[in-house]
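Report on the structure
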Amino acid sequence: MRIAVTGAAGRLGGQVVRLLADRDGVDVVAMTRRRPPGGLLPPQAEAAVADYAEPAALRTALRGADTLVFVSSDGPDARMLLHHRNVVAAAAAEHVGHVVALSSLDADAASPFCYAVVNRLTEDMLLASGLPCSIARASLYTEFFEGWLTEARASGLLRLPAADGRISLVARDDVARALAALAVGEPTGRHHDITGPVPADLADIASVTAEVWETTVACEDIPAGTYCAETAASGLDPWWLYAFSSLFASCASSPGLKSGTTTPC
């Protein structure tokens, strides 16, 4: 079985490549935007340079692939959607037999969260293409959320505009294992939710953080405007300010299990 993996130089895609490369009877094509440095990929994986923005390179990398593990692009949503359209079109043109697509738990075209919209539109494109597929809807990565927790550890306060929204954080390695497992199976034709074991609100997360790190961490739900002003003052790139703000707007407006971005991974 020949399995291609996009985003193979990233932490998630790279882990999927390593998991698949260890399996008997699997030939892995590690697709990256640029030539990876030596030692980054397992020696048994075949490297293929194929930028999401280059349809011809994508088709070349996918030629002869039985399965594609489609790890999301990143950055501004309009560019990300164009990248995803290129990947779906290339997979269709090369008659890939199974596409395992990474999506998000709250994939919804009506969501305030910019990436939830992109993920739902990508799912719709994939289903409309007629390609056999399995869709992995992952929740927010624990490692990604840890950035806010690290700040809270230093300040003693987790301050986010999440209201009473609950988030089921999931380990990136668990998502990688799920993608690898789907890749070696038959197409399911449906989505699979990949979450952590327990949905938690900010107070729950702050409590666990305080216990694990043996320090005082309280939580404070702050207005969205306050979060935007303070984050903008920190010098964060405007795009990521918008992306993070839309994430928390989604969480606050619809309490329950919420997913997060697949970037930066």
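Attention now moves to the nonpolar core. Core analysis: the largest hydrophobic core is formed by 62 residues, its most contacted members being Leu20, Val69, Phe145, Trp148, Leu158 and Val175. Residue contributions to this core peak at seven residues, all from helix α9 (residues 238–253). If sequence neighbours within four positions are ignored, Val175 has contacts with Leu12, Leu102, Ala138, Tyr141, Val170 and Ile194. Val29, Tyr52, Ala90 and Ile135 belong to the second-largest nonpolar core, a separate cluster that totals 24 residues.

Below, the discussion takes up the state of the cysteines. For the structure shown, the criterion picks out zero disulfides. Left without a disulfide partner, Cys114 is nearest to the cysteine sulfur of Cys228, which lies 12 Å away.

With that settled, consider the packing of helix α2 (residues 55–62) against helix α3 (residues 77–93). At a minimum axis separation of 9 Å, α2 and α3 run at an interaxial angle of 45°. Regarding the angle of α2 to α3, the classification is oblique. Crossing hand, α2 versus α3: right-handed. Residue-level contacts link Pro55, Leu58, Arg59 and Leu62 of α2 to Asn86, Val87, Ala90, Ala91 and Ala93 of α3. For the contact of α2 with α3, the class distribution of residues is seven nonpolar, one polar and one charged.

With 12 residues, helix α6 (residues 172–183) extends 17 Å between its outermost C-alpha atoms, agreeing within 8% with the 16 Å of an ideal straight helix rising 1.5 Å per residue. Listing the buried residues of α6 in full gives Arg172, Val175, Ala176, Leu179, Ala180, Leu182 and Ala183. Burial along α6 is one-sided: seen end-on, the buried residues are contained in an arc of 165°.

The full count for this structure, using the stated rule, is 11 salt bridges. Between Asp74 and Arg33 there is a salt bridge, with the nearest N and O atoms lying 3.3 Å from each other. Linking Asp74 in the loop between β4 (67–70) and α3 with Arg33 in the loop between β2 (27–32) and β3 (46–49), this pair joins segments that are 41 residues apart in sequence. Residue classification places Asp74 among the partly exposed residues on the basis of a relative accessible area of 25%. In this structure, Glu220 engages Arg159 in a salt bridge whose closest nitrogen and oxygen atoms are separated by 3.2 Å.

So, about the pairing of β2. β2 sits mainly inside the fold: five of its six residues count as buried. Remark: the strand β1 (residues 2–5)/helix α1 (residues 11–21)/β2 crossover connection has right-handed handedness. With four bridges joining them, β2 and β3 adopt parallel strand pairing. Within β3, the position partnered with Val29 by the bridge is Glu46.

Turning our eyes to something else, we now look at unusual backbone geometry. Unusually for a residue other than glycine, His95 sits at a positive phi of about 55°. Its place among the elements puts His95 in the loop between α3 and β5 (98–104). With phi around 50°, Ala163 is a residue other than glycine that occupies positive phi space. The residue Ala163 is located in the loop between β7 (157–160) and β8 (166–167) in this model. With a relative accessible area of 32%, Ala163 lands in the partly exposed category.

Quick notes on the rules
- Residues numbered from 1 in each chain as written.
- Predicted model: local features only at pLDDT ≥ 70, side-chain atom pairs only at ≥ 80, totals over all residues.
- Heavy atoms only, no water.
- Core = buried A, V, L, I, M, F, W, Y, C linked by side-chain atoms within 4.5 Å.
- Buried < 20%, exposed > 50% of the residue type's maximum accessible area, 1.4 Å probe, protein only.
- Helix = DSSP H or I, 4+ residues; strand = E, 2+ residues; numbered from the N terminus.
- Contact = heavy atoms within 4.5 Å.
- Disulfide = S-S within 2.5 Å.
- Axes fitted to C-alpha atoms, helices over the stretch in contact; angles between N-to-C directions.
- Parallel < 35°, antiparallel > 145°, perpendicular 65-115°, else oblique.
- Left-handed = near helix turned anticlockwise from the far one by under 90°.
- Nonpolar A, V, L, I, M, F, W, Y, C, P; charged D, E, K, R; others polar.
- Expected span 1.5 Å × (residues − 1).
- Arc of directions from axis to C-beta.
- Salt bridge = Lys/Arg side-chain N within 4 Å of Asp/Glu carboxyl O.
- Right-handed = clockwise from strand over helix to strand, strands pointing away.
- Pairing = 2+ DSSP bridges.

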